[in-house]
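Coordinate analysis (summary)
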Number of protein chains: 2
Amino acid sequence: MSSRTEIATLGEFGLIDHLTRNNEIRNASTVVSVGDDAAVLDHFGKQIVVTTDLLIEGVHFDLVYTPLTHLGYKAVIVNLSDVYAMNATPTQVTVSIGISNRFSVEALEEFYEGVYAACQKYNVDLVGGDTTTSNKGFIISVTAIGEVTENRFVKRDGARKGDLLCVSGDLGAAYLGLLLMEREKKIFLESPSVQPDLEEQDYILRRLLKPEARKDIVEFLEKNDIQPTSMMDISDGLSSEILHICKQSNAGCVLYEDKLPIAEQSREFAFKLELDPTACALSGGEDYELLFTIDQKEHDKIVLNEQISVIGYITGPDEGAHIITRSGKKHAITAQGWNAFKQ
Amino acid sequence: MSSRTEIATLGEFGLIDHLTRNNEIRNASTVVSVGDDAAVLDHFGKQIVVTTDLLIEGVHFDLVYTPLTHLGYKAVIVNLSDVYAMNATPTQVTVSIGISNRFSVEALEEFYEGVYAACQKYNVDLVGGDTTTSNKGFIISVTAIGEVTENRFVKRDGARKGDLLCVSGDLGAAYLGLLLMEREKKIFLESPSVQPDLEEQDYILRRLLKPEARKDIVEFLEKNDIQPTSMMDISDGLSSEILHICKQSNAGCVLYEDKLPIAEQSREFAFKLELDPTACALSGGEDYELLFTIDQKEHDKIVLNEQISVIGYITGPDEGAHIITRSGKKHAITAQGWNAFKQ
């Protein structure tokens, strides 16, 4: 090769853009391709969505503090979350695993127990996969398939000036759960006899280890006949995802610090670590909440749902993406989201 | 954990059976689930197939002698082959990769060049994927989706007594290509200055590094209105696959050594290594040919296609699976196919 470009210079999203810039579509059945939470395929006039995730031990999870059952559950959930983020209903998953001989059959049974629990809870069928050896570590690849009523799927590019910016649940908890587990791991490695101090941290731990996908929100939107103008799930952090929506919708936005939903336990643990809870909510990943925009006329319907917070609104593209702090100051939003290629 | 069962005691297929034994189906849209080349989903009355493969550096490929372009091509092909093995036509793929910082952007461009070349040749759209870091090595996960005319999909369980056993193309070449590359790698590592001796080995090398999926066979079957009673692709070796069809169809079979299609170049290279070409054809993996059974009444149509060999016939389950050698001896067929969990 004549030249070498380090992947870190492009970043994850830059790399994907770069590698798919010449991607051509040949089949009429391909409605939405690379670049959203999931692809949309029109098979014979009806639409399905497809999404896939690759999870690698040491990069996406740490088996020192992740029970295998939870890992199996979460591996399915993160993909279902992408299906819901298209306003679709998941129906099938495939689960492939690469495992070294360090794992016993019993260990894999625990993993699959979690896979099946997620399938049962979300009414999804496990329909296939691949099982193979790895030289080192545990590798998981899940693909989820879902159905969506024709042309009711929601992409990231439809946010319009004046739309309300909404988010489900609360933010930052999974990231704080991760900090907690990293702290406990460090203590354990230094002094194995010390019992972990996880008291009153059950919420942030659960958010990290056993997240749920927001099926309820998609059902609420359908029941109330609300069609979001854009939607995605929050896996890399709120700021990062907001910037995706702004970029793909050619829009700006304003959000309000005092409107960000943060659970009391997250707030307390953030203070304990001398961290700003707002920074955790903006930049912490893996909450798997839904971020979406709706027309202002839907406001009265949305506020009926306590699980949805209106955190700001969409502006024109020239106004950029900003947050107004509690003290009334205005700051540009930067993507502090998780970047797999920077350490 | 109270006990530990080594994965090697179950083997790859035993492990899959074990882990999916309690798998429940909840969606009416799930027509065929775990246990075939691909799943079949009935979305709104029309059918699609889904299949997925996980490829791991050092387990499935060796970058010492695998050009990245070929690897990208092959990663797509092995999944398309599974779609054709369901008698379906592939329409979309997702490609996920896990990469360490050992890889440059240029290296990934080469990989994707191969992915796109396969997509173009087989008229398939790349619609998504996931790109992430790995601690070590290159990890590839591909999912392929295809369409099939309602209830024309072909599983592994429909072979009936008296059916003809057919195979496309020729067998054993990819395995011999692998032996050749392993030999050259060894020589290279011992004496880097020695030029590889690949003269006249282009066919077996191509079969290893740049396999094709048998689109032509599926098109031929459709054009001639032949509905196979069972079909699968040969990825783990002919014997292993024949035993799958016999087991799932509750049948036995007889095949004839002198009917096995083996390319002249494969035969010559096998002799050079003092190997039995028949053993290579039976046990060598990665040929990605189609193995299928048809009703005897289709015989006259099938023989018109030079790319299809009738290698034997299906018997009752009590007769087991056997091969009749050139010298007229009868041997039981054993699965010598590639087992990912035994070294």
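Residues numbered from 1 in each chain as written. Chains lettered and ligands numbered in written order. Predicted model: local features only at pLDDT ≥ 70, side-chain atom pairs only at ≥ 80, totals over all residues.

Residues and elements named next belong to chain B. Spatially, 7 strands are ordered E9-E11-E8-E12-E10-E13-E14 in an open sheet, and the strand pairing comes out mixed. Strands at the two margins of the open sheet, each flanked by one partner only, are strand E9 (230–234) and strand E14 (330–332). Direction aside, the axes of adjacent strands within the sheet are offset by 25° on average. The sheet contact formed by strand E10 (residues 252–256) and strand E13 (residues 321–324) spans 4 bridges and is parallel. (Pairing = 2+ DSSP bridges. Helix = DSSP H or I, 4+ residues; strand = E, 2+ residues; numbered from the N terminus. Axes fitted to C-alpha atoms, helices over the stretch in contact; angles between N-to-C directions.)

Quick look at the interface of chain A and chain B now. Listed as interface residues are 70 residues of chain A and, on the opposing side, 70 residues of chain B. For the side of chain A that touches chain B, the elements supplying multiple residues, two or more each, are helix H1 (11–19), strand E2 (39–43), strand E3 (46–56), strand E4 (89–99), helix H3 (105–121), strand E5 (125–128), strand E6 (131–133) and strand E7 (139–148) of chain A. By residue number, the principal contributor to the side of chain A that touches chain B is E3 of chain A, which donates 8 residues. Residues of the side of chain A that touches chain B, tallied by class, amount to 28 nonpolar, 30 polar and 12 charged. (Contact = placed C-beta atoms within 7 Å. Nonpolar A, V, L, I, M, F, W, Y, C, P; charged D, E, K, R; others polar.)

One can read the domain layout of chain A as domain 1 (7–148) and domain 2 (164–332). Put simply, the middle of domain 1 of chain A and the middle of domain 2 of chain A, counted by C-alpha atoms, are 22 Å apart. (Domains from an automatic or database assignment.)

For these two chains of identical sequence, chain A goes onto chain B by a turn of 180° and a shift of 0.0 Å along the axis, with RMSD 0.0 Å. What we have between these two chains is a two-fold relation. Among all residues of chain A, the minimum C-alpha distance to the rotation axis is found for Ser141 of chain A, at 3.3 Å. Here 100% of the contact residues of chain A are again contact residues in chain B; the copies associate through an equivalent surface. (Least-squares fit on C-alpha atoms with pLDDT ≥ 70 in both.)

This part covers the packing of helix H2 (residues 68–84) of chain A against H3 of chain A. All names here are of chain A. Interaxial distance between H2 and H3 falls to 6 Å at its minimum, and their mutual angle equals 40°. The angle between H2 and H3 places the two elements in the oblique class. Judged by the sense of rotation from one axis to the other, the crossing of H2 with H3 is right-handed. The segment H2 lies against H3, with Leu68, Thr69, His70, Leu71, Gly72, Tyr73, Ala75, Val76 and Ile77 engaging Ala107, Glu110, Phe111, Tyr112, Glu113, Gly114, Val115, Ala117, Ala118 and Cys119. Considering only residue class, the contact of H2 with H3 consists of 13 nonpolar, 4 polar and 2 charged. (Parallel < 35°, antiparallel > 145°, perpendicular 65-115°, else oblique. Left-handed = near helix turned anticlockwise from the far one by under 90°.)

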